[in-house]
Amino acid sequence: MSTQSSSDAGGFSIGDLIRRPETGSLIGFIVVYVFFASLGGAVFMGAPGWSSWLNIAAEVGIIALPVGLLMISGEFDLSVGSIIPASSMTAAILSGHYELPALVGIIGGLSVGLLVGFINGLIVTRTTIPSLIATIGSMFAVMGLTLGLAVLIKGSTSVSYVPDPVTKGLLGTFINGMFNVSIFWWLGFVAVYYFLVHVAPIGNWVFAMGGDRESARNAGIPTDKLTIGLFMASGFGAAFVGIAQVMTYQAAQVAGGQSFIFNSIMCVVIGGVLLTGGAGSIIGIVLGTMTFAVVNQGIFFAALDPNIGSIIIGALLLTAVLSNDTFRALAMNYATKKK
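Numbering of residues starts from 1 in every chain and runs along the sequence as written. With pLDDT at 70 or above as the cut-off, local features in this predicted model cover only qualifying residues; side-chain atom pairs require 80 or more to be listed or tallied, and sums for whole chains, interfaces and linings still use all residues. With hydrogens and water stripped out, all remaining heavy atoms of the structure feed into the side-chain values.

K.L.:
If you had to explain the nonpolar core to someone new, which residues and values would you point to?
P.N.:
Side chains of nonpolar character tend, in soluble globular proteins, to be buried together. Among the buried residues, those of types Ala, Val, Leu, Ile, Met, Phe, Trp, Tyr and Cys that are joined through side-chain atoms within 4.5 Å form a nonpolar core. Note on exposure labels: buried denotes an accessible area under 20% of the residue type's maximum, exposed denotes more than 50%, and partly exposed covers the range between, all computed with a 1.4 Å probe on protein chains only. Within the largest apolar cluster, 85 residues are counted, with the highest numbers of intra-cluster contacts made by Phe-36, Trp-53, Ile-63, Leu-65, Trp-186, Ile-282 and Val-294. Under the DSSP-based scheme used, a helix requires at least four consecutive residues in state H or I and a strand at least two consecutive residues in state E, with every element numbered from the N terminus. Per-element tally for this core: the top contributor is helix H4 (residues 47-72), with 14 residues. What Trp-186 contacts, discounting residues up to four positions off in sequence, is Leu-54, Ala-57, Ala-58, Gly-61, Ile-62, Leu-65, Val-286, Thr-289 and Met-290. Any pair of residues with heavy atoms lying within 4.5 Å of one another is described as a contacting pair.

K.L.:
Give a detailed account of the environment of Arg-213, specifying residues and quantitative values.
P.N.:
Residue placement: Arg-213 occurs in helix H11 (residues 213-218). Judged by its relative accessible area of 21%, Arg-213 falls in the partly exposed class. Those residues in contact with Arg-213, other than ones at most four positions away along the chain, are Ser-73, Glu-75, Ala-208, Thr-223 and Thr-227. Pairs of N or O atoms are called polar contacts if they sit within 3.5 Å, as long as, within protein, a hydrogen donor faces a hydrogen acceptor (for residues adjacent in sequence, only side-chain-to-side-chain pairs). Within polar-contact distance, the side chain of Arg-213 engages the side chain of Thr-227 at 2.9 Å.

K.L.:
I'd like a description of unusual backbone geometry, backed by residues and values.
P.N.:
Excluding glycine, most residues fall at negative phi; most peptide bonds, likewise, are trans. Even without a glycine there, the phi angle at Glu-99 is positive, about 60 degrees. By secondary structure assignment, the location of Glu-99 is in the loop between helix H5 (80-97) and helix H6 (102-126). Taking the relative accessible area as the measure of exposure, Glu-99 reaches 68% and is therefore exposed. In this model, Asn-176 sits at a positive phi of 60 degrees, which is unusual for a non-glycine residue.

K.L.:
Now, about the packing of H5 against helix H7 (residues 131-153): what can you tell me, with residues and values included?
P.N.:
In this analysis an axis means a line fitted to C-alpha atoms, helices contributing only their contacting stretch, and an angle means the value between N-to-C directions, from 0 to 180 degrees. Packing of H5 against H7 brings their axes to within 9 Å, and their N-to-C directions diverge by 25 degrees. As judged from the angle between their axes, H5 and H7 are roughly parallel. By crossing handedness, the relation of H5 to H7 is classed as left-handed. Only Ser-138, Met-139, Val-142, Met-143, Thr-146, Ala-150 and Ile-153 of H7 make contact with H5, whose side of the interface consists of Ser-82, Pro-85, Ala-86, Met-89, Ile-93 and His-97. The residue classification treats Ala, Val, Leu, Ile, Met, Phe, Trp, Tyr, Cys and Pro as nonpolar and Asp, Glu, Lys and Arg as charged. All others, Gly included, are polar. Of the residues contributing to the contact of H5 with H7, the split by class is nine nonpolar, four polar and no charged. When describing relative orientation, an angle under 35 degrees is termed roughly parallel and one over 145 degrees roughly antiparallel, while 65 to 115 degrees is termed roughly perpendicular and anything else oblique. If you view the pair so one helix is near and one far, a crossing is left-handed when the near helix is turned anticlockwise from the far one by less than a right angle, and right-handed when it is turned clockwise.

K.L.:
Which residues make up helix H14 (residues 282-301), and what values go with them?
P.N.:
Taking 1.5 Å per residue as the helical rise, H14 with its 20 residues ought to reach 28 Å, and the 28 Å between its terminal C-alpha atoms agrees with that figure. With 16 of its 20 residues buried, H14 lies for the most part within the structure. Capping the start of H14 is the job of one residue whose side-chain oxygen sits 3.0 Å from the backbone nitrogen of Gly-284: Ser-281. Expected helix span is given by 1.5 Å per residue-to-residue step, counting one fewer step than there are residues.

K.L.:
So what's going on with the packing of aromatic side chains? Which residues, and what values?
P.N.:
Within 6.5 Å between ring centres, the rings of Phe, Tyr and Trp (the latter by its six-membered ring) count as paired, and their orientation is classed by plane angle as stacked under 30 degrees, edge-to-face over 60, tilted in between. Applying the stated rule across the entire model yields 10 aromatic pairs. Arranged with centres 5.6 Å apart and planes meeting at 65 degrees, the rings of Phe-44 and Phe-301 form a pair that is edge-to-face. With Phe-44 in helix H3 (residues 23-45) and Phe-301 in helix H14, this residue pair connects regions lying 257 residues apart in the sequence. Cluster of aromatic residues (ring-pair linked, three or more members): Phe-29, Tyr-33, Phe-44, Trp-50, Trp-53 and Phe-301.

K.L.:
Summarise the pattern of salt bridges; cite the residues concerned and give the values.
P.N.:
Each reported salt bridge corresponds to a side-chain nitrogen of Lys or Arg within 4 Å of a carboxyl oxygen of Asp or Glu. Enumeration over the complete set of coordinates arrives at three salt bridges. For the salt bridge of Arg-217 with Asp-224, the shortest nitrogen-to-oxygen distance reads 3.8 Å. What makes Asp-224 partly exposed here is its relative accessible area of 31%. Several salt bridges share partner residues, and in doing so they unite Glu-214, Arg-217 and Asp-224 into one network.

K.L.:
Break down the environment of Gly-210 for me, citing the residues and quoting the values.
P.N.:
You can see Gly-210 is positioned in helix H10 (residues 202-211). Given a relative accessible area of 12%, Gly-210 falls into the buried group. Remark: the alpha-carbon pair of Gly-210 and Gly-74, spanning 136 residues in sequence, is separated by 4.6 Å. Ignoring any residue separated from it by four or fewer positions in sequence, one finds Gly-210 in contact with Ile-72, Ser-73, Gly-74, Thr-276, Gly-277 and Gly-278.

K.L.:
Give me the lowdown on the side chain of Thr-135, citing residues and values where you can.
P.N.:
As for its position among the elements, Thr-135 is in helix H7. The buried category is assigned to Thr-135, whose relative accessible area is 0%. If sequence neighbours within four positions are ignored, Thr-135 has contacts with Phe-76, Asp-77, Leu-78, Ser-79, Asn-120 and Phe-231.

K.L.:
Describe in detail a nonpolar patch on the surface, supporting the description with residues and values.
P.N.:
Taken together, the side chains of Tyr-98, Leu-100, Val-104, Leu-145, Leu-149, Leu-152 and Ile-153 define a hydrophobic patch exposed on the protein surface, amounting to about 660 Å² of accessible area. With four residues, the top contributor of residues to the nonpolar patch is H7. On the basis of relative accessibility, which here comes to 69%, the residue Leu-152 falls in the exposed class. Patch building starts from residues that exceed 30% relative accessible area and form no salt bridge, then joins like charges within 9 Å and nonpolar side chains (Val, Leu, Ile, Met, Phe, Trp, Tyr) within 5 Å. Residue burial considers only the protein chains on display, and all accessible areas are found by Shrake-Rupley using a 1.4 Å probe.

K.L.:
Give a detailed account of H5, specifying residues and quantitative values.
P.N.:
Look at H5: 24 Å from first C-alpha to last across 18 residues, which is about the 26 Å you get at 1.5 Å a residue. Within H5, 14 of the 18 residues are buried, which leaves the element mostly enclosed by the surrounding structure. Backbone geometry just after H5 places Glu-99 at a positive phi near 60 degrees.

Next up, the structure:
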């Protein structure tokens, strides 16, 4: 009785915590961090360790956020792996090879991501092709175009570019030689997406689409426009990471970005987003990204075999899928008993 009363009054209750989609993600992050902290010692818990995994989390996290929204809405985007090198090559060629202002290269690179996302959205909404297949097709198409145009224009699969100090400072510098500035960009993206998903009405539309797209359309939700917008957001995020990589490492490579495809999806799933859509949260995606990054870098600080890292990530993925269903079942049981 007291628990129910406190919950009704807006207080804390175990049932409310269990119903949160990011609860499993938080538990997973704490367990993983404590495990690697015990093996990595003071170095891992200090600035070197935090900067190492936060730098990874920032890159993957900027992409995982919109990819997670697409998955909540019931769609997938595998083309992000080809947008990263396409945008970075575009920026490097425009501002490096043709010596145009850095702003032109940045706009050009971001435009590539938005265009690919727009095309993906059109294909998914105007045809019966599943988004998984559509984005696989666009991924290979963009990879081929990037390679062909790079060789045609530059005669090479890599392009170097040295940005000006201001551009470098905004997009590619390391604070104190350790923390990449992209961490702050990631936090900015988190704030924007949190507002859109959990404060603005558009968040309810995304969840409704993931639950039942046809019912959402009948309810007056602009499902087609929203789907196209989500794909464009995914393309923008991938393009932003590609540009940040150019500014950080001062070079663009055609064969880059493929690891982000499955890494971003793993972060999202570990973060509590259901593969079937309709459930998830921005905080959960952030926690899933942090968990993935801690494992990714923790194995080096703990001096473990790199293969162990893959085993742990695989185990986390399976555990996340199982725990997502478990927490949902507990939430449903709790809600039923409360009624």
